[in-house]
Amino acid sequence: MTRRSDWSEQAVEHRAGRGDRGDRTGGGAASPSRAGDGAPPPPEEQARAICLRLLTGSARTRKQLAEALAKRGIPDEVAEEVLSRFEEVGLIDDAAFAGAWVDSRHRGRGLARRALARELRTKGVDAALVDEAVGRLDADQEERTARDLVERKLRTTRGLDREKRLRRLVGMLARKGYPEGLAFQVVRRALEEEGDDPETLDAYLPPGE
C-alpha cells in the first residue's frame, strides 16, 4: 500500500512538470525499480501513471479519468482508491474544472449557459457543480456575448433576403445554447440598427415574442 507521504511527493512532482517522466508509453511502463525484473507494475502503480500522464496534457474530471482506467483494465476498487487519493492532493478538482471550462468556452466560443451545462454534464461533472459554474455567468453577460456574436456575423449575411438572414443569425445563436426568445430579440435589434423596419421584422417573430 502506498504511503500518504508518497502521494504528496508525487503531487508536488506533477505540478512541477516532472510527474510523467517514468511513463512515456501510455500508463503501462514499469517504474525504474521494476524495470529490470520483467514483472509488470501492480494495478495501483499503473493507475497512478495513467492518471498523471492524462493530467499532464490537460485538466480532467474524475469521470473522464475513471473511464480511461476502465478502458485499460484497471480494477474498479483500485481505480476508486487512486482517484480518491488524487482528489485529496488536489490533482482532481471537478469544481475548478467546471469553472475554468465555463470561462474558457464562453470567452472563446461564445457558448451560452445551456450549452455549457450540457458539455459539463457529458464530462461527468456533478449537477450541483454544473449549476454553480454556469451560475457565475449572468444574464446580462450572456446577452452582451450574444450581441457580439451577431455583430460579427452580420456582414456575412448581407445580401440575403430578410427571412433567410434572420433564420441564419437566430440559428447560429441557438446552436450555441441561447434561448429562442433572447436570440430573436438580439437579432431583431441588430437588424433594426442596420435600418430594417421594426414592424416588418415583427412578422418573422414566433408567437408571443
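1. Some words on the overall build of the protein
A tally of regular secondary structure across the protein gives eleven helices and zero strands. Going residue by residue from the N terminus, the α and β elements of the protein occur as α-α-α-α-α-α-α-α-α-α-α. Among the 209 residues that make up the protein, the fraction classed as buried is 39%. Taking all contacts inside the protein whose residues are at least 6 apart in sequence as the whole, residues at least 24 apart take part in 62%. Summing over all exposed atoms, the protein offers an accessible surface of approximately 11,800 Å²; the carbon and sulfur share of this is 46%.

2. Focus on empty space enclosed by the protein
Tallied over the entire structure, the rule returns one cavity of 30 Å³ or more. Estimated volume of the largest cavity: approximately 50 Å³. Lining of the largest cavity is provided by R147, V150, E151, V186, R189, A190 and E193. Those elements that provide at least two residues to the lining of the largest cavity are α8 (139–157) and α10 (180–193).

3. Some remarks on the side chain of T145
Assignment of secondary structure puts T145 in helix α8. Residue T145 is classed as buried on the basis of its relative accessible area of 10%. Once you skip the residues sitting within four places of it in the chain, T145 turns out to touch H106, G110 and Y178.

4. Things to note about the packing of aromatic side chains
Scanning the entire structure with this criterion turns up one aromatic pair. Summarising the aromatic geometry, the rings of F97 and W101 are spaced 5.7 Å apart at their centres and angled 15° between planes, so their arrangement reads as stacked. In this pair, F97 and W101 both sit in helix α5 (residues 94–109), four residues apart, roughly one turn of the helix.

5. Comments concerning the packing of helix α2 (residues 43–57) against helix α3 (residues 62–71)
Across the interface, α2 lies against α3 with an axial gap of 10 Å and an inter-helix angle of 130°. Looking at the two axes, α2 sits oblique to α3. Considering the relative orientation of α2 and α3, their crossing is right-handed. The residues of α3 that touch α2, namely those facing A47, I50, C51, L54 and L55, are L65, A68 and L69. Of the residues belonging to the contact of α2 with α3, the class tally is eight nonpolar, no polar and no charged.

6. Section: the side chain of R62
Looking at the element boundaries, R62 is found in helix α3. For R62, a relative accessible area of 16% puts it in the buried group. Engagement of the side chain of R62 in a polar contact is seen with the side chain of E87, the distance being 2.7 Å. The residues contacting R62, other than those within four sequence positions of it, are E80, L83, S84, E87, I92 and D94.

7. Topic: α5
Taking 1.5 Å of rise per residue, 16 residues should cover 22 Å, and α5 covers 21 Å from first to last C-alpha, within 8% of that figure. Every buried residue of α5 is listed here: D94, F97, A98, G99, V102 and H106. Its buried side turned inward, α5 meets α3, α6 (113–122), α7 (127–135) and α8. Between a side-chain oxygen at the N-terminus of α5 and the backbone nitrogen of A95 the separation is 3.2 Å; the capping residue is D93. Positive phi appears at G110, one or two residues downstream of α5, with a value of about 70°.

Thresholds applied
Residues numbered from 1 in each chain as written. Predicted model: local features only at pLDDT ≥ 70, side-chain atom pairs only at ≥ 80, totals over all residues. Heavy atoms only, no water. Helix = DSSP H or I, 4+ residues; strand = E, 2+ residues; numbered from the N terminus. Buried < 20%, exposed > 50% of the residue type's maximum accessible area, 1.4 Å probe, protein only. Contact = heavy atoms within 4.5 Å. Areas by Shrake-Rupley, 256 points an atom, 1.4 Å probe, with all protein chains shown as cover. 1 Å grid on protein atoms, 1.4 Å probe; cavity = no way out; pocket = protein on both sides within 12 Å on 5 of 7 lines; lining within 4 Å. Points joined across faces, edges and corners; volume = space filled by probe spheres on them. Phe/Tyr/Trp six-rings, centres within 6.5 Å; stacked < 30°, edge-to-face > 60°. Axes fitted to C-alpha atoms, helices over the stretch in contact; angles between N-to-C directions. Parallel < 35°, antiparallel > 145°, perpendicular 65-115°, else oblique. Left-handed = near helix turned anticlockwise from the far one by under 90°. Nonpolar A, V, L, I, M, F, W, Y, C, P; charged D, E, K, R; others polar. Polar contact = N/O pair within 3.5 Å; in protein donor to acceptor, adjacent residues only side chain to side chain. Expected span 1.5 Å × (residues − 1).

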